[in-house]
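As a plain string of letters, each chain reads:
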Amino acid sequence: MIAGDDFLFTLHQFIISTLCLFFMYFAWRDQAAKTFDRLDKVSLKVIAPLLIGLFIGLYGLLLYEWIGGGVVLPLVFALLITLSIYDPKYAVSFFIFLLISRPWEIMKDQMMAGMPRDIFILCFLSFICHKIIRRRYYFQWNMASAMVLFFAVWTFFSIIPSGQLVGALINYNEIFIKGIIVYFLIVNVVDKKEFILPIQSALVLGITEKALMSFYNTIVLGIVSDGDRMTGIGILENSNDIAAIMILVIPFTLAFVKGLTSKVLRYAVGAIFFSFYFFLIWQSRSRGAILGVGMLAIAWFWLQATNKKMASMLVVVGMCLSFGAMSLIKRDAGDIEGSTNNRKIYWGAAINMGIRHPLFGVGYDGFPLNLMTYTDGHVGSEGKHKTAHSTWLLALAETGIVGFIFYVGIWVFSLKSAWAMRVEHPEFLLGMLSYGTAITFLSHTYMLYPYILLGMTVAAGQFYMKNEEVIPTKGLEGAVYAKGL
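A quick note: this is a predicted structure, and the numbers were derived from the prediction, not measured.

For the rest of this paragraph, the subject is the overall build of the chain. Counting its secondary structure elements, the chain contains 18 helices and 4 strands. Once local pairs closer than 6 in sequence are excluded, the contacts in the chain between residues at least 24 apart make up 75%. Here the chain displays about 22200 Å² of accessible surface, and carbon together with sulfur accounts for 68% of that area.

Following this line, the structure appears as structure tokens:
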């Protein structure tokens, strides 16, 4: 295996080893608290030797395949694959971590390049096999999940009238469908409150790795993008995108910090993490990200306040301060003006596309190809092959008013779940509001990250929703339960 950069390779080994330790702790805690679903008539004394033998075999295979890659990475991957077979929640979490971390971008190896496919197959088989073995022939279903399915299907059918069938289908399968699959895996693998923790740890550690890589690139190596803005690695090289997912992870990182028993240590560690992320977000020079941080602070203050009327008045002040902070961003005046004018052009074109094609829009992946047509050739200073620079308006432009309603519906019903958890777990509501603000200025409609957030929120929210109804319906060899939110 060839590592592109020794530091990045070492960093990845450290982060994925930490993930493994988290998983092992969660597995031990499940056994100690007896929250793990034991198999009927099957003793742990029988399963343990099989898993140990599997781990030893996998470790030997990976050690042989990754010659020169050290002993740590094969060890950790063997453990994570074994845990993925042991329990599907670890398989889903491991799969999510890999999709965020993307180690194949820094390690050139044929086996590593095939890991997304291989771990997805493992994840799917683990999920299905555990369903069958435990005779749980049902899937979690609610209005948010219905909207996700409707939006995915509607987006697929929007490809047909778009006139770019082959290219759009390839992008649909390579990009969009991963987020949809991850959403449904998360929602259906979380059968107990505690089962959300491995997924949250995968999200936090995956994005933390990307944040540390950005810090290394920008501060240590001095590699910056245009305008001296922070830059990332691989698919998340863009300053705005990496800043947005940092906003997403801040509430969930601080939620883990809340577990520290010492109040002084809790505040100190929390301040360090928040300062680190805020520093990088500021270095990104992303105005949308700064607004997202402002929304995070405002929402947190409002949730903590006892006098909601006074807090609501201060929220308005906070919003004004957030807009004022944008003027402090050190970017070239021409760059800021050009960016603002370009967004106006893109947003106007997106609304125009949605109004003229209310049923299916211009089709999935059709915005760049139709931009010239709907702006009369005035595409701004960034060129003609650009996206809408707004998650919501991109959905409107490419899937029409109907698809836009489905997409907004996902967020509305997920917000309902987040609101139900606002007292015990405010991180879900904070994450949705702050990240939702940031992606108003970015095209994350089909990216992985919104669906991880939405999936976690819906999966955790099912245990906090009031007046939840359980409706039995007919299913495969047993009962299928549709849970309405």
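Past the structure itself, the notes keep going.
Bringing the environment of A146 into the picture now. Position of A146 among the secondary structure elements: in helix α7 (residues 143-158). In this structure, the C-alpha to C-alpha distance between A146 and F406, residues 260 residues apart in sequence, is 8.9 Å.

Tracing the backbone through its elements, the reader meets K131 in helix α6 (residues 115-133). With no salt bridge to any partner, buried K131 finds its closest opposite charge in D191, at an N-O distance of 5.0 Å. The residues touching K131, leaving out its near neighbours within four places in the chain, are R136, Y137, Y138 and N188.

This next bit is on the packing of aromatic side chains. Under the criterion given, the structure shown has 37 aromatic pairs. Arranged with centres 5.7 Å apart and planes meeting at 85°, the rings of Y172 and Y364 form a pair that is edge-to-face. Taken together, the positions of Y172 in helix α8 (residues 165-189) and Y364 in the loop between α14 (333-356) and α15 (367-374) put the pair 192 residues apart, joining distant regions of the chain. Grouping aromatic residues by their ring pairs yields a cluster made of F151, F156, F157, Y172, F176, Y364, W392, Y407, W411, Y446 and Y451. Geometry around F195 places K89 over its ring, the cationic atom sitting 3.9 Å from the centre. Against the face of F139 rests K131, its NZ or CZ located 5.5 Å from the ring centre.

To continue, consider unusual backbone geometry. Among all residues save glycine, negative phi is the norm, and among peptide bonds the norm is trans. The backbone of D365 sits at a positive phi, close to 65°, despite the residue not being glycine. The class for D365 is partly exposed, based on a relative accessible area of 26%.

A few words now on the nonpolar core. Residues F77, F367 and W411 are the most contacted members of the largest nonpolar core, which totals 137 residues. Setting aside residues no more than four positions away along its own chain, F367 makes contact with Y346, A349, A350, M353, V362, K386, T387, A388, L394, A397 and E398.

A separate point is the pattern of salt bridges. Tallying each qualifying case throughout the model produces 6 salt bridges. Its salt-bridge partner being K89, residue D87 comes within 2.8 Å of it at the nearest N-O pair. Here K89 falls in the buried class, since its relative accessible area comes to 1%. Residue K210 is joined to E105 by a salt bridge in which the shortest nitrogen-to-oxygen separation is 3.6 Å. You can see K210 sitting in helix α9 (residues 197-220) and its partner E105 sitting in the loop between α4 (88-101) and β2 (107-108), a full 105 residues away along the chain. Each member of the pair, K210 as well as E105, is classed as buried. One salt-bridge network, held together by shared partners, links D30, D87 and K89.

Time to look at the environment of L63. Secondary-structure assignment places L63 in helix α2 (residues 44-65). Exposure remark for L63: the relative accessible area of 32% places this residue in the partly exposed category. Not counting residues up to four positions away in its chain, the partners in contact with L63 are G70, V71 and P74.

To continue, consider the packing of helix α16 (residues 391-420) against helix α18 (residues 448-461). At a minimum axis separation of 8 Å, α16 and α18 run at an interaxial angle of 40°. With respect to α18, the axis of α16 lies oblique. The element α16 and its partner α18 pack so that their crossing is left-handed. When α16 is examined against α18, the residues Y407, I410, W411, S414, S417 and A418 are found in contact with a partner set consisting of P450, Y451, L453, L454, T457, V458 and G461. Of the residues contributing to the contact of α16 with α18, the split by class is 9 nonpolar, 4 polar and no charged.

For the rest of this paragraph, the subject is the side chain of D30. Considering the arrangement of structural elements, one finds D30 in helix α1 (residues 6-33). Apart from the residues lying within four places of it in its own chain, the contact partners of D30 are T35, F36, K89, Y90 and F195.

Conventions used here
Residues numbered from 1 in each chain as written. Predicted model: local features only at pLDDT ≥ 70, side-chain atom pairs only at ≥ 80, totals over all residues. Heavy atoms only, no water. Helix = DSSP H or I, 4+ residues; strand = E, 2+ residues; numbered from the N terminus. Contact = heavy atoms within 4.5 Å. Areas by Shrake-Rupley, 256 points an atom, 1.4 Å probe, with all protein chains shown as cover. Buried < 20%, exposed > 50% of the residue type's maximum accessible area, 1.4 Å probe, protein only. Lys, Arg positive; Asp, Glu negative; His and termini not counted. Salt bridge = Lys/Arg side-chain N within 4 Å of Asp/Glu carboxyl O. Phe/Tyr/Trp six-rings, centres within 6.5 Å; stacked < 30°, edge-to-face > 60°. Lys NZ or Arg CZ within 6 Å of the ring centre and 35° of its normal. Core = buried A, V, L, I, M, F, W, Y, C linked by side-chain atoms within 4.5 Å. Axes fitted to C-alpha atoms, helices over the stretch in contact; angles between N-to-C directions. Parallel < 35°, antiparallel > 145°, perpendicular 65-115°, else oblique. Left-handed = near helix turned anticlockwise from the far one by under 90°. Nonpolar A, V, L, I, M, F, W, Y, C, P; charged D, E, K, R; others polar.

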